[in-house]
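Architecture and fold: a report
Each chain is listed here by its residues.
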Amino acid sequence: MFRWCFLFSILLSQWVFAATVENLRVWHSPDQTRLVLDLSAATRFDVFTVKDPDRLVIDLAGAAVLNPLALPSQVKSRIRDLRYAPHNQGRDLRLVLELSHALEMRKALLPPHPPYGHRLVVDLIETDAAGKRGPPAPKPTATPIPLPPPPVMRAEPVATRNAPVAPSAPAAVLPRSEAVRVTAKQTVVPAPAAAPPRPANPVRTQVIAIDAGHGGDDVGAIGMRGTYEKDVVLAIARELARQINAEPGFKAVLIRDGDYFIDLRDRMVRARRHRADMFVSIHADAFQNRRVTGSSVYVLSNRGATSEAARWLAERENAADLVGGVTLEDKDPQLRSVLLDLSQTASLEASLKVAENVLHALKQVGEVHREQVQAAGFMVLKSPDIPSLLVETAFISNPSEEQQLRDHRFRVKIAGAVKEGIKAYFRGHTLPGQRYAN
């Protein structure tokens, strides 16, 4: 009897309400939390924040909850509590999330896309003191360029009226911090403190940013056995990071080190925040024809570079950003365009060279889909001053290669090939003073 009543209540709710909330999924990352409400149908919504105390309010028109909603424990650092109840005389649904502190909010209602249906996506993003998204930028890993010595002050000895004149001697040279004002009564000047010895050959570690594609609500391509692209590429990215960190003179930075989504442009921004020397994005390809196999390597196309240059020059937020170590903020439009073009040209040339090395190394591991490096307008490759490449490790849509991607030994080989391609590039393109050159 109870079962029939329960089924009747579900059918009644779906008939009375325009949409039902079927599930709440949460993806937590170091600098943002994504909330995904799975809906039975598209509906009008309103999402806003309230101060004192900080809260997030989600209103869904003509909606009801199908199953109880709960928050995972790992989000407690940002979301303290969740409650929901009918609103607007029972016609709508209101969800209230109590936040631990103020967060930037972003929202979108997404249409169905396998394996999901209609979704309301809300991102809660950390902001630093300056109001910028994400955590504060780490300190630069590069060794600073030595600056010229500061102007020196010379202290001339003052002779007393009847004192014998001593043979002339070189004037004492003092650093600015140790300079002493000499008056007529002063005859002795303190000796400057000995400066610490400067390293004879300062070195710099090559920073490689490794981006595991997709993540969180974005599962990527799905294999016949149900393998998610987001899972296998994260495993390959972690293995690549392990192998790179084992190489003297290299340091790996994982753009995504968990099952959470990162905006495509934000992946590029994070690489620049870490002062990366190279950006490598890891993916697993898919195609309708399940017989297609092999690895591929992509760099940014000229068309993609042109569109990105136009965006950088048009948007004010990019004016103060660094391109190849040069700020564009104080340059006139023509010079700004020339500097950006020079930086992009150098990055594209470097991207193509390292991509060719990686493709050659992948040929030693297994089959490649294309014999030449491919060009496309992928968003993650558009950084104007970081050589960037995207590696399609295998076709997850091919049953045989899906099985290989699930195999740890194959992932180790793929990661090793990418690492060897990166090393081969730096053997011929490392500047003196960088650690790998030594």
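Residues numbered from 1 in each chain as written. Predicted model: local features only at pLDDT ≥ 70, side-chain atom pairs only at ≥ 80, totals over all residues. Heavy atoms only, no water.

**A word on the overall build of the protein**
What the protein contains, in helices and strands, is seven helices and 19 strands. A total of 438 residues make up the protein; the buried ones form 43% of that total. In the protein, of all internal contacts separated by at least 6 residues, the share reaching a separation of at least 24 is 67%. Split by element, the accessible area of the protein, about 24400 Å² in all, is 56% carbon and sulfur. (Helix = DSSP H or I, 4+ residues; strand = E, 2+ residues; numbered from the N terminus. Buried < 20%, exposed > 50% of the residue type's maximum accessible area, 1.4 Å probe, protein only. Contact = heavy atoms within 4.5 Å. Areas by Shrake-Rupley, 256 points an atom, 1.4 Å probe, with all protein chains shown as cover.)

**Some thoughts on the pattern of salt bridges**
Under the criterion given, the structure shown has 21 salt bridges. Measuring nitrogen to oxygen at the nearest pair gives 2.5 Å for the salt bridge that ties D217 to R25. Of the two residues, D217 is situated in the loop between β12 (206–212) and α2 (229–245) and R25 in strand β1 (residues 19–28); the sequence distance between them amounts to 192 residues. The class of D217 is buried, set by a relative accessible area of 5%. With a closest N to O distance of 2.6 Å, R83 and E98 form a salt bridge. Remark: E98 occurs in strand β7 (residues 92–99) and R83 occurs in strand β6 (residues 79–87); sequence separation between them is 15 residues. Judged by relative accessible area, R83 falls into the partly exposed class, the value being 38%. (Salt bridge = Lys/Arg side-chain N within 4 Å of Asp/Glu carboxyl O.)

**Some words on the packing of aromatic side chains**
Throughout the structure, instances matching the rule amount to three aromatic pairs. Aromatic side chains F250 and F426 sit 5.6 Å apart centroid to centroid with 70° between the ring planes, which places their arrangement in the edge-to-face category. Of this pair, F250 sits in strand β13 (residues 250–254) while F426 sits in helix α7 (residues 408–429), placing them 176 residues apart in sequence. Here F250 falls in the buried class, since its relative accessible area comes to 7%. By relative accessible area, which is 4% here, F426 ends up buried. Considering the side-chain rings of Y298 and F378, the 5.3 Å spacing of their centres and the 85° angle between planes classify their relative orientation as edge-to-face. (Phe/Tyr/Trp six-rings, centres within 6.5 Å; stacked < 30°, edge-to-face > 60°.)

**Remarks on the pairing of strand β9 (residues 118–125)**
It is a general feature of regular strands that their side chains alternate between the two faces of the sheet. Counting buried residues in β9 gives seven out of eight residues, a clear majority hidden from the surface. Examined bridge by bridge, strand β2 (residues 32–39) and β9 share eight bridges and lie antiparallel to one another. Each residue of the ladder has a partner; that of T33, found in β9, is L124. (Pairing = 2+ DSSP bridges.)

**Some points on the nonpolar core**
Ranked by internal contacts, the top residues of the largest apolar core, which has 42 residues, are I208, I210, M278, V280, L389 and I422. Listing elements by their share of this core, those giving two or more residues are β12, α2, β13, β14 (278–285), β15 (296–300), α5 (333–363), β19 (388–395) and α7. Ignoring sequence-local partners within four residues, the contact set of M278 consists of V207, I208, A209, V354, I386, P387, L389, I422, Y425 and F426. (Core = buried A, V, L, I, M, F, W, Y, C linked by side-chain atoms within 4.5 Å.)

**Some remarks on the sheet that holds β13**
On the basis of which strands lie adjacent, the open sheet formed by six strands has the order β13-β12-β14-β19-β15-β18 and mixed pairing. The outermost strands of the open sheet, each flanked by one partner alone, are β13 and β18 (374–376). Between one strand axis and the next, the sheet turns by 30° as a mean value, whatever way the strands run. For β12 and β13, the ladder comprises five bridges, and the chain directions are parallel. Counted as the bridge partner of I210 is L254 from β13. Of the strands in this sheet, β12, β13, β14 and β19 touch α7, which is tilted by about 150° from β14. (Axes fitted to C-alpha atoms, helices over the stretch in contact; angles between N-to-C directions.)

**A short note on the packing of α2 against α7**
Interhelical geometry of α2 versus α7 gives an angle of 50° and a closest axis separation of 9 Å. In this view, α2 runs oblique relative to α7, as classed from their interaxial angle. Taken as a pair, α2 and α7 cross one another with a handedness that is right-handed. Together, V232, A235, I236, E239, L240, Q243 and I244 of α2 and H408, R411, V412, I414, A415, G416, V418, K419 and I422 of α7 make up the contact between the two elements. The class makeup of the residues in the contact of α2 with α7 is ten nonpolar, three polar and three charged. (Parallel < 35°, antiparallel > 145°, perpendicular 65-115°, else oblique. Left-handed = near helix turned anticlockwise from the far one by under 90°. Nonpolar A, V, L, I, M, F, W, Y, C, P; charged D, E, K, R; others polar.)

**A word on the sheet that holds strand β5 (residues 63–65)**
Judged by pairing direction, the sheet is mixed, and its five strands sit side by side in the order β5-β1-β2-β9-β8 without closing on themselves. A single partner strand is all that each edge strand has here, and the edge strands are β5 and β8 (104–110). Between one strand axis and the next, the sheet turns by 30° as a mean value, whatever way the strands run. In this sheet, β2 lies alongside β1 in antiparallel orientation, the contact comprising seven bridges. The partner of L24 across the bridge, within β2, is L37.

**Here's the deal with α7**
With 22 residues, α7 should cover 32 Å at 1.5 Å per step; its first-to-last C-alpha distance of 32 Å lies within 8% of that length. With a side-chain oxygen lying 3.0 Å from the backbone nitrogen of R409, the N-terminal cap of α7 falls on D407. (Expected span 1.5 Å × (residues − 1). Polar contact = N/O pair within 3.5 Å; in protein donor to acceptor, adjacent residues only side chain to side chain.)

**As for empty space enclosed by the protein**
Under the criterion given, the structure shown has three cavities of 30 Å³ or more. The space that makes up the largest cavity amounts to roughly 60 Å³. Considering every element that reaches the lining of the largest cavity, the biggest residue donor is α5, with four residues. Classifying every residue of the lining of the largest cavity by side-chain character gives five nonpolar, five polar and one charged. (1 Å grid on protein atoms, 1.4 Å probe; cavity = no way out; pocket = protein on both sides within 12 Å on 5 of 7 lines; lining within 4 Å. Points joined across faces, edges and corners; volume = space filled by probe spheres on them.)

**A look at the side chain of D211**
Counting through the fold element by element, D211 comes out in strand β12. In terms of polar contacts, D211 uses its side chain to reach the side chain of R267, at 2.7 Å. Among residues more than four places away in sequence, those in contact with D211 are I255, R267, F279, V280, S281, I282 and V380.

Functional significance is not addressed by these values, which are geometric in nature.
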